[in-house]
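# A closer look at the structure
Here's the letter readout for the chains.
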Amino acid sequence: MRQNPSFAMTDVAELRRLIDENPWVTLVSHAEDGLVASHYAVMLDGERDDLTIVGHVGKPDDLVHGLGVRELLVVVQGPHGYISPGWYGDVAAVPTWNFVSAHLSGVPEILSADENLRVLERLVDRFERGMPQPRGLWELPNDEEFVTRLERGTVGFRLTPSRVVAKRKLSQNKPVETVETIAREVAARGLPLDSALADEMRRAEEARGRR
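To start, this report covers the structure provided alongside it. On a predicted model such as this, the values are computed, not experimentally measured, just so you know. (Residues numbered from 1 in each chain as written. Predicted model: local features only at pLDDT ≥ 70, side-chain atom pairs only at ≥ 80, totals over all residues. Heavy atoms only, no water.)

### Observations regarding the nonpolar core
Counting 35 residues, the largest nonpolar core has Leu-27, Ile-53, Val-74 and Val-76 as the members making the most contacts within it. Setting aside chain neighbours within four positions, we find Val-74 in contact with Val-25, Thr-26, Leu-27, Ile-53, Ala-102, His-103, Leu-104 and Leu-159. Membership of the second largest hydrophobic core comes to six residues, among which are Ala-41, Met-43, Val-54 and Leu-111. (Core = buried A, V, L, I, M, F, W, Y, C linked by side-chain atoms within 4.5 Å. Buried < 20%, exposed > 50% of the residue type's maximum accessible area, 1.4 Å probe, protein only. Contact = heavy atoms within 4.5 Å.)

### A short note on the environment of Ala-166
Secondary-structure assignment places Ala-166 in strand β8 (residues 163–169). For Ala-166, a relative accessible area of 1% translates into the label buried. A C-alpha to C-alpha distance of 7.9 Å links Ala-166 and Leu-15, two positions 151 residues apart in sequence. Beyond its immediate chain neighbours, meaning those up to four positions away, Ala-166 contacts Met-1, Gln-3, Phe-7, Ala-8, Met-9, Leu-15, Ser-101 and Ala-102. (Helix = DSSP H or I, 4+ residues; strand = E, 2+ residues; numbered from the N terminus.)

### So, the environment of Arg-126
Positionally, Arg-126 belongs in helix α3 (residues 113–128). If we skip the residues at most four places from it in the chain, Arg-126 touches Asp-20, Pro-23 and Met-43.

### Focus on unusual backbone geometry
Residues other than glycine predominantly adopt negative phi, and peptide bonds predominantly adopt the trans conformation. In the segment running from Lys-59 into Pro-60, the intervening peptide bond is cis, with an omega of 10°. You can see Pro-60 is positioned in the loop between β3 (53–58) and α2 (61–65). Note the cis peptide between Leu-140 and Pro-141, where omega equals 15°. Tracing the backbone through its elements, the reader meets Pro-141 in the loop between α3 and α4 (144–152).

### Topic: the pattern of salt bridges
In a structure, side chains of opposite charge can pair up when their charged atoms sit close to one another. Tallied over the full model, the rule gives 13 salt bridges. Among the ionic pairs, Glu-14 bridges to Arg-168, the shortest N-O distance being 2.9 Å. One end of the pair, Glu-14, is in helix α1 (residues 12–21); the other, Arg-168, is in strand β8, with 154 residues separating them in the sequence. Exposure class is identical for Glu-14 and Arg-168. Each is buried. Glu-21 serves as the salt-bridge partner of Arg-17, at 3.2 Å between the closest nitrogen and oxygen. One end of the pair, Arg-17, and the other, Glu-21, are both in helix α1, four residues apart, so they sit about a helical turn from each other. What makes Arg-17 buried here is its relative accessible area of 16%. (Salt bridge = Lys/Arg side-chain N within 4 Å of Asp/Glu carboxyl O.)

### Description of the pairing of strand β2 (residues 34–44)
In terms of burial, β2 is a largely internal element, eight of the 11 residues being buried. As paired elements, strand β1 (residues 24–31) and β2 share eight bridges and run antiparallel to each other. Following the sheet pairing, Val-25 is matched in β2 by Tyr-40. (Pairing = 2+ DSSP bridges.)

### Some remarks on the sheet that holds β3
The sheet built from eight strands is open, its strands ordered β6-β7-β3-β2-β1-β4-β5-β8 with antiparallel pairing. The open sheet terminates on both sides in strands that have one partner only, identified here as β6 (109–110) and β8. Judged from the three bridges that link them, β1 and strand β4 (residues 72–83) form a sheet pairing that is antiparallel. The residue bridging Val-28 from the neighbouring strand is Leu-73, located in β4. Each of β2, β3, β4, β5 (96–106) and β8 is contacted by α1, which is oriented at about 95° to β5, the strand it contacts most. Here α3 sits on the sheet and contacts β2, β3 and β7 (154–159); the angle it forms with β2, its principal contact strand, is near 70°. (Axes fitted to C-alpha atoms, helices over the stretch in contact; angles between N-to-C directions.)

Shown next as structure tokens:
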């Protein structure tokens, strides 16, 4: 992802929030037959306060990606959406796309079976806690044999990125009044990601002290 200093996202707390709110990521690596991409859920490492993430892949994706041997690129995609040139007012303008995204790169560490199991438990708990009747990994009818078999079919990993490129392109190069107009129009459009995108635009302006 080509970086632009005006849109660079470097605050660790904001990056952690981006990862936490957008756990469904794309894993990319250069395999023997060329580039390969997979999609999995990840989490921030609960024992770290940096950008270390933990997750798992199903076998044989570990071999396909060369997990633990080759560099892995994790693409985190935040809110995004189309921006109409009509929202800039009576000036020459072209369409664009606003977005928030982060690329985390590094060689991941393979987790032990016990560590992987703890990550699987945390992952299930994280998404089940919002359910009317949360069902944990060990809840019946799951039994120890079932859970053990599940863990053995996956490979857990921990990635402390050696390189981070993050971009928050949210019309920051426009006057604050124009940014607010765009955010308002985006929110009014009513598409699934629009409310979150409008919130990100206003958050970016507050961080810059323009709101």
